[in-house]
Each structure stands twice: as structure tokens, then as C-alpha cells.
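Secondary and tertiary structure notes
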Amino acid sequence: TVVVFTHVPPFFNDVSEQVGWANWNEQWRREVLDILTARRIPGLRIMFVCGHFHANVFRRTRYNGVPLDIVVTDAIGVTMKWRDLQPLRDEAERPQEASKIGGMKIGAAFFSQIMHGSLTYNKSKSLVVGEHDSGVRLFSMTPSSPMLKMRFFTVADLERLQADMQGKDRQEVAKAVDGKLDAVSWQ
């Protein structure tokens, strides 16, 4: 498994999608993916872990026959409630909507999706910092368990986890957190 960390996602839904403020130039996408898939290594899987979009988006696809995941994770700070992105939490499979927003120019995306097309729109409804929205994605992979696991935790989830772990040692905490992560199945 090759895990690539990059701030901006290469794409959300399709390698040929329109370039915009929140994805890579198509030529760069293809060049990087061609390099990563060139050797045709049996069992190769590629996962891009990205941010930039301030919302959770997950896409499972293939490139040159190689399984490819795009994991875009929300922010610990401001979560952006994109108007055309359904308000689903966590591993929401919504790459088509994200692709449309990500393929826009930044001003157009912000005005139409965050400001709802109005200079007087209350942005606080679209730009949210909150314990039930903001958070982090945790990953786990160990030599004894090479299965990749991950999960998005809101700040509220982390606070509950912290309360549950009071008085436990580091190994107990690590085991408990690992038990809450979801295995990434590559089937």
C-alpha cells in the first residue's frame, strides 16, 4: 500500500474532472498517477490523504487497474458547509458534488456555495467551528496488523474518548482507539 499525503486532492471523483481551486491540474494528476502505477506491482493499492476542502469526501476508484482511494478529511478548525454538498458526516460518499465545487474558481465557489449567492448571507451558517463538526482523522497501521484503519473523530468524539480513557495507561488507550477505527477494505 502506498499512502500519499498531499494538502490539495488530485481530484474528487474522476481523474478527468475540471480543474479548479480544490484539485490538481489534470496533466499533473495523470503524471503522478502514471509514475505510481508504472511498475504494475501485484497487490499495489494507492491512497491519497488530503485536506484543503474543509469537508469529508471519500472516493474509491481505479487508475490503470490499480485500486485508488481519495480520502479528503475535514478540518480541526473551520468546517465549510458547501451549499451543494449534502450534510453527511464522516465517510460520506459524495465525490460528484465535491468535484463540481472543487472544479470552480475560488471566488465563484465561495460566493455561490458559502455565501449562497448573496453578499448579505450570514456566513456563520456555512463556516462552522464546532465540537460536532470540526475534528481529525486518525489512521492506524502496525507491523503486527498491516491492515490500514481510519476514522474521522469530531472534537466531541475525542472528548468522549478522553473521558472514557481516564486512568488508563498508554497501551490501553492505544488499543481502545485502534478498536474504534474502521478497517479499510480494498475489495
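Now for a look at the structure at hand. (Residues numbered from 1 in each chain as written. Predicted model: local features only at pLDDT ≥ 70, side-chain atom pairs only at ≥ 80, totals over all residues. Heavy atoms only, no water.)

Points about the side chain of S126
Considering the arrangement of structural elements, one finds S126 in the loop between α3 (106-114) and β6 (127-128). For S126, the side chain forms a polar contact with the main-chain oxygen of I114, separated by 2.9 Å. Those residues in contact with S126, other than ones at most four positions away along the chain, are T79, M80, K81, Q113, I114, H116 and Y121. (Helix = DSSP H or I, 4+ residues; strand = E, 2+ residues; numbered from the N terminus. Polar contact = N/O pair within 3.5 Å; in protein donor to acceptor, adjacent residues only side chain to side chain. Contact = heavy atoms within 4.5 Å.)

Points about unusual backbone geometry
Despite not being glycine, H52 shows a phi value in the positive range, around 70°. Phi angles above zero are rare outside glycine, and H54 is one such case at about 60°. Residue classification places H54 among the partly exposed residues on the basis of a relative accessible area of 24%. (Buried < 20%, exposed > 50% of the residue type's maximum accessible area, 1.4 Å probe, protein only.)

Describing the sheet that holds strand β2 (residues 46-50)
Each strand in a sheet pairs with another by means of backbone hydrogen bonds, the pair being arranged parallel or else antiparallel. Spatially, β1-β2-β4-β3 is the arrangement adopted by the four strands of the open sheet, whose pairing is mixed. The sheet is open, and its two borders are formed by β1 (2-5) and β3 (57-63), each paired with just one other strand. The mean angle between the axes of side-by-side strands here comes to 15°, regardless of whether they run parallel or antiparallel. The pairing of β1 with β2 spans four bridges and is classified as parallel. Its bridge partner being in β2, V3 is matched across the sheet by M47. (Pairing = 2+ DSSP bridges. Axes fitted to C-alpha atoms, helices over the stretch in contact; angles between N-to-C directions.)

Focus on the packing of aromatic side chains
Applying the stated criterion across every chain yields a total of five aromatic pairs. Between F12 and F53, the aromatic rings sit 4.8 Å apart at their centres with planes inclined by 55°, giving tilted as the arrangement. Here F53 lies in the loop between β2 and β3 and F12 lies in the loop between β1 and α1 (26-37), a separation of 41 residues in the sequence. A relative accessible area of 0% places F12 in the buried class. Between W21 and W82, the ring centres sit 5.5 Å apart and the planes meet at 45°, which makes this aromatic pair tilted. Residue W21 is located in the loop between β1 and α1, and its partner W82 is located in the loop between β5 (79-80) and α2 (95-102); the two are separated by 61 residues in the primary sequence. Judged by its relative accessible area of 15%, W21 is buried. A network of ring pairs unites the aromatic residues F12, W21, F53 and W82 as a single cluster. Over the ring of F153 we find R151, and its NZ or CZ is 4.6 Å from the ring centre. (Phe/Tyr/Trp six-rings, centres within 6.5 Å; stacked < 30°, edge-to-face > 60°. Lys NZ or Arg CZ within 6 Å of the ring centre and 35° of its normal.)

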